[in-house]
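Each chain, letter by letter, is given below.
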Amino acid sequence: MHTHTPVHRVAIVGTGTIGAGWATHYLVRGFDVTATDPAPTAETALRSYVAAAWDAAASIGLAPGASPDRLSFTTDMRQAVADADFVQENAPERPELKVKLFADLDDATPPEAIIASSSSGITMSVIQAECRRPERTVIGHPFNPPHIVPLVEVVGGTRTAPQTIRDVMSFYAAIGKKPIHLKKELPGHVANRIQAALYREVVYLVQEGVLDVADSDDAVSWGPGLRWGVMGPHLLWHLGGGEGGIQHFMDTLMPRMVASWQDLRTPEFTPELKESIVDGVLEEAAGHSVDELAARRDAMLSALLAVRAQYDPSGPSSAAAGPDKKEGP
């Protein structure tokens, strides 16, 4: 059985939006973080992101001794990961790039370190193809923004060791994430496929003139989306079944839903449809910048997580956990 080193030092490879969010989360949870990215302005952008996101992330769970000053940066990837216990990779979504990068990371990291990819669509079986130690490589795909949204999708490749999966699940859970284990690999993993299916129907309704963009957003965020922020669809259908619960729902209401699936359509994504969505979104944004809207989103998400923590014992832990806690692996 392969034994992984307890995590004290985290390396962030790639510091775009996802990498910067991960860096913020690990820093808030009390880790020493070394980040690397070849872009000439990467360090400045990363430190600005961490500073702007710190308060929101810290409100969810701040470890003793946590500080943005524990972030270091280098453009030398091998130097960044040379003493890492855990690597979170966030490079662009290009298979040939990921394969080469993981082979290099496999060669440059300590043998006991875990190497996790934030890849949103490429499977680990593809990414680990040229690794000499593929058993310690795994997908750890977050949901944006990683320093706020707890979900992490964990799935191994064909050569990932089961112990690596167990250790990564334990580690993410201990640092305030909500990991789910995908038993099978598939492109896009799970959460992105679910939201893509929903958005397909939303776009179809806009194309058909049933709703404008703003009303379609409201139909999701003020209806099912509000409930989904509390419980998932299966448990909600259990409530929808009344006293008979999920059994009653499946016996009496599910057949109608199955019949309705035949009416769902895929829109024809024309230039005109694209333009109407862009115009509708800009009108809905009402002159607020992307940064302003993101700050509003993060504040509401943080508040929702605080409420969920009061009522949902199965949720992610808000207790501060860092390298001095027993967080595994």
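In this report, we go over the structure that sits alongside the text. Quick caveat: nothing in here was measured; it's all calculated off a predicted structure. (Residues numbered from 1 in each chain as written. Predicted model: local features only at pLDDT ≥ 70, side-chain atom pairs only at ≥ 80, totals over all residues. Heavy atoms only, no water.)

Concerning the nonpolar core
The biggest cluster of nonpolar side chains holds 33 residues, and the ones touching the most others in it are Y26, V33, F86 and Y172. Of all the secondary structure elements, the ones that give two or more residues to this core are β1 (9–13), α1 (17–28), β2 (32–36), α2 (42–58), β3 (71–74), β5 (114–117), β7 (151–156) and α6 (162–174). If we ignore the near neighbours within four places in the chain, the residues touching V33 are V10, I12, A23, Y26, L27, R70, L71 and S72. In this structure, F102, L105, M124 and V155 belong to the second largest nonpolar core, which totals 20 residues. (Core = buried A, V, L, I, M, F, W, Y, C linked by side-chain atoms within 4.5 Å. Buried < 20%, exposed > 50% of the residue type's maximum accessible area, 1.4 Å probe, protein only. Helix = DSSP H or I, 4+ residues; strand = E, 2+ residues; numbered from the N terminus. Contact = heavy atoms within 4.5 Å.)

Some remarks on the sheet that holds strand β4 (residues 86–89)
Here we have eight strands laid out as an open sheet, ordered β3-β2-β1-β4-β5-β6-β7-β8, and mixed in their pairing. Among the strands making up the open sheet, the edge pair consists of β3 and β8 (178–181). When the angles between neighbouring strand axes are averaged without regard to direction, this sheet yields 25°. As judged from the five bridges shared by β1 and β2, these two strands associate in the parallel manner. Across the sheet, residue A11 finds its bridge partner in β2, namely T34. Helix α4 (residues 95–108) contacts β1, β4, β5 and β6 (137–142) of the sheet and is inclined by roughly 160° relative to β5. Packing of α6 onto the sheet brings it into contact with β4, β5, β6, β7 and β8, and relative to β7 it is tilted by some 170°. (Pairing = 2+ DSSP bridges. Axes fitted to C-alpha atoms, helices over the stretch in contact; angles between N-to-C directions.)

Digging into the packing of aromatic side chains
Two measures describe an aromatic ring pair: the distance that separates the ring centres and the angle between the ring planes. Applying the stated rule across the entire model yields 10 aromatic pairs. Between W22 and Y172, the aromatic rings sit 5.6 Å apart at their centres with planes inclined by 25°, giving stacked as the arrangement. You can see W22 sitting in helix α1 and its partner Y172 sitting in helix α6, a full 150 residues away along the chain. On the accessibility criterion, W22 (0% relative accessible area) is buried. A ring pair is formed by F86 and F171, whose centres lie 4.7 Å apart and whose planes are at 40°; its orientation type is tilted. Of this pair, F86 sits in strand β4 while F171 sits in helix α6; the two residues are 85 residues apart in sequence, bridging distant segments of the chain. Judged by its relative accessible area of 0%, F86 falls in the buried class. Of the aromatic side chains, those joined through ring pairs into one cluster are W22, Y26, F31, F86, F171 and Y172. A cation sits over an aromatic face here: K177 above W22, 5.2 Å from the ring centre. (Phe/Tyr/Trp six-rings, centres within 6.5 Å; stacked < 30°, edge-to-face > 60°. Lys NZ or Arg CZ within 6 Å of the ring centre and 35° of its normal.)

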